[in-house]
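# Coordinate analysis (summary)
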Amino acid sequence: MSFCNDYDFEIDNIVKFIEENKARKILLQMPEGLQVCSSLIVDSLKNRLGDSIEIYLSLNPSYGSCLVDEYGASEIGADVVIHIGHDEYPLYKPRKPTLFIRGDYKKIDKEKIRETLKSICNEYPQPVCVASTAQHIKELNGILNNIDACSTLFKGIILGCVPADTKECGIDVIVAGGRFHCIAQALNNYSKYGRAKTICIDPYTNIVWNPEKEVEKILRVRLWKVREAFDARKWLIIDGFYGQHRQSVVDLITNEIKKRGMGYLIVKALKIDRSLLDNIYAGEGFDAVAVVACPHIAFDLMDYSRPVLTVGEALMALHKDITRYRYPW
């Protein structure tokens with residue numbers, strides 16, 4: 001795929017990491033959008049290190065650095081994991097030696113981004129806070145150093161579940177492909193500061209958009225889902241793996257359910273989607289679902305026949321207190 005050349009996979013750094021760890025068996029993990037580049041990376045590594053190394057490609061979920069494929073690495077006896085596409089998740093450290101490679105996108109239109117930021121600076125109160133995903137941090141940092149008459153605060157990498165702290169900002173600018181990260185930041189701003197105050201720039205299409213109306217719609221739906229769960233008597237609790245497993249949160253929810261004399265079932269899942277809920281008959285066998293793993297799964301399943309809630313929403317429903325709502329936990 002020719003577009004693979006648009007990304008910097010830091011082959012030199014990967015080679016150095018493999019040599020420093022004397023690794024002979026490697027697990028390569030990449031998000032779905034970049035997996036087509038795996039052959040390019042494997043060929044580059046074998047050209048440098050020889051055919052004696054074994055490289056496996058993990059096709060298990062890689063939505064973020066919270067899901068380093070530890071099980072896959074242990075199953076094949078990998079010495080190291082090369083995780084491409086994300087920075088290290090601050091709340092989780094894999095047990096296997098793991099190298100995180102951002103996969104910097106090299107074809108960002110710097111001049112277009114620079115002019116867009118200047119325009120935003122002229123229209124909104126300053127300072128302007130800027131955050132982005134892993135692939136664009138390197139190029140974006142250089143752009144921000146060359147904007148005259150514009151007060152910008154660089155907030156670094158934004159994760160969907162760990163938004164940037166931008167309380168001192170006049171406006172937030174999120175540079176990221178797609179809609180996920182920008183909407184996550186806007187939801188955080190509404191929850192903490194009572195306003196969206198977010199502008200989104202897609203560096204692949206150079207489209208600039210405002211998530212405010214979409215976020216308001218999402219929040220209305222979320223509050224209604226909480227209200228639907230007020231009368232729930234039997235709960236399905238979905239716990240994740242790796243960085244998406246939090247035993248203390250599972251215990252918190254189950255203790256609240258027990259205090260109220262309700263029933264529950266805890267399940268463990270690596271990939272959580274509609275088919276998982278259908279297979280366990282969640283639409284008929286349970287009154288509400290609480291997702292302890294990634295909170296955005298609940299948003300993806302907002303039209304399910306039973307309310308699918310984040311941890312914070314589930315606790316709010318159990319306490320029957322709307323004022324407890326805090327995004328996303």
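Placed above this text is the structure.
This section reports on the structure supplied with the text. (Residues numbered from 1 in each chain as written. Predicted model: local features only at pLDDT ≥ 70, side-chain atom pairs only at ≥ 80, totals over all residues. Heavy atoms only, no water.)

What the chain contains, in helices and strands, is twelve helices and 15 strands. In terms of overall dimensions, the chain is globule-like: its C-alpha atoms have a radius of gyration of 22 Å, near the 20 Å expected for 329 residues. With respect to the three principal axes, the spread of C-alpha positions in the chain is 60 × 55 × 30 Å. Going through the 329 residues of the chain one by one, you find that 54% of them count as buried. Restricting to contacts in the chain with at least 6 residues of sequence separation, those with at least 24 account for 71%. Accessible area of the chain: about 15,300 Å², with a carbon and sulfur share of 49%. The distance from the centre of the 42 positive side-chain charges to the centre of the 43 negative ones in the chain is 5 Å. (Helix = DSSP H or I, 4+ residues; strand = E, 2+ residues; numbered from the N terminus. Rg over C-alpha atoms; globule rule 2.2 N^0.38 Å. Buried < 20%, exposed > 50% of the residue type's maximum accessible area, 1.4 Å probe, protein only. Contact = heavy atoms within 4.5 Å. Areas by Shrake-Rupley, 256 points an atom, 1.4 Å probe, with all protein chains shown as cover. Lys, Arg positive; Asp, Glu negative; His and termini not counted. Charge placed at Lys NZ, Arg CZ, Asp CG, Glu CD.)

The next thing to look at is the packing of helix α4 (residues 110-123) against helix α5 (residues 137-144). Across the interface, α4 lies against α5 with an axial gap of 10 Å and an inter-helix angle of 55 degrees. Regarding the angle of α4 to α5, the classification is oblique. Between α4 and α5 lies a crossing whose hand is right-handed. In this structure, α4 contributes Lys110, Ile113, Arg114 and Leu117 to the contact, and α5 contributes Glu139, Leu140, Ile143 and Leu144. Considering only residue class, the contact of α4 with α5 consists of five nonpolar, no polar and three charged. (Axes fitted to C-alpha atoms, helices over the stretch in contact; angles between N-to-C directions. Parallel < 35°, antiparallel > 145°, perpendicular 65-115°, else oblique. Left-handed = near helix turned anticlockwise from the far one by under 90°. Nonpolar A, V, L, I, M, F, W, Y, C, P; charged D, E, K, R; others polar.)

Turning our eyes to something else, we now look at the sheet that holds strand β13 (residues 263-268). Taken in spatial order, the four strands make up an open sheet running β13-β12-β14-β15, and their pairing is parallel. A single partner strand is all that each edge strand has here, and the edge strands are β13 and β15 (308-309). Bridging between strand β12 (residues 234-239) and strand β14 (residues 288-291) involves four bridges; their strand directions are parallel. Opposite isoleucine 238, over in β14, you have valine 291 as the bridge partner. (Pairing = 2+ DSSP bridges.)

Take the environment of isoleucine 55 next. Within the fold, isoleucine 55 resides in strand β3 (residues 54-58). Isoleucine 55 sits in the buried class, given a relative accessible area of 17%. When the C-alpha atoms of isoleucine 55 and proline 295 are compared, they prove to be 32 Å apart, with 240 residues separating the residues in sequence. Excluding its chain neighbours within four sequence positions, the residues that come into contact with isoleucine 55 are Ile26, Leu28, Val42, Leu45 and Lys46.

Buried together is how nonpolar side chains tend to be arranged in soluble globular proteins. In terms of nonpolar packing, the biggest core is built from 43 residues, with Phe9, Ile82, Ile84 and Leu117 touching the most fellow members. Sort the elements by how many residues they give to this core and helix α1 (residues 11-20) lands first, with five residues. Other than its neighbours up to four places away in sequence, isoleucine 84 contacts Phe9, Leu28, Gln29, Met30, Pro31, Leu34, Ile41 and Ile101. Core analysis: the second largest hydrophobic core is formed by 34 residues, Ile218, Leu219, Leu277 and Leu301 among them. (Core = buried A, V, L, I, M, F, W, Y, C linked by side-chain atoms within 4.5 Å.)

Before going further, it helps to examine the packing of aromatic side chains. A full pass over the atoms with the stated rule returns five aromatic pairs. Taking 6.0 Å as the distance between ring centres and 80 degrees as the angle between the ring planes, the aromatic pair formed by phenylalanine 3 and tyrosine 7 counts as edge-to-face. Given a relative accessible area of 10%, tyrosine 7 falls into the buried group. Its end group placed over the ring of phenylalanine 286, lysine 234 keeps NZ or CZ at 5.0 Å from the ring centre. Over the aromatic face of phenylalanine 241 sits the side chain of lysine 268, whose NZ or CZ is 4.5 Å from the ring centroid. (Phe/Tyr/Trp six-rings, centres within 6.5 Å; stacked < 30°, edge-to-face > 60°. Lys NZ or Arg CZ within 6 Å of the ring centre and 35° of its normal.)

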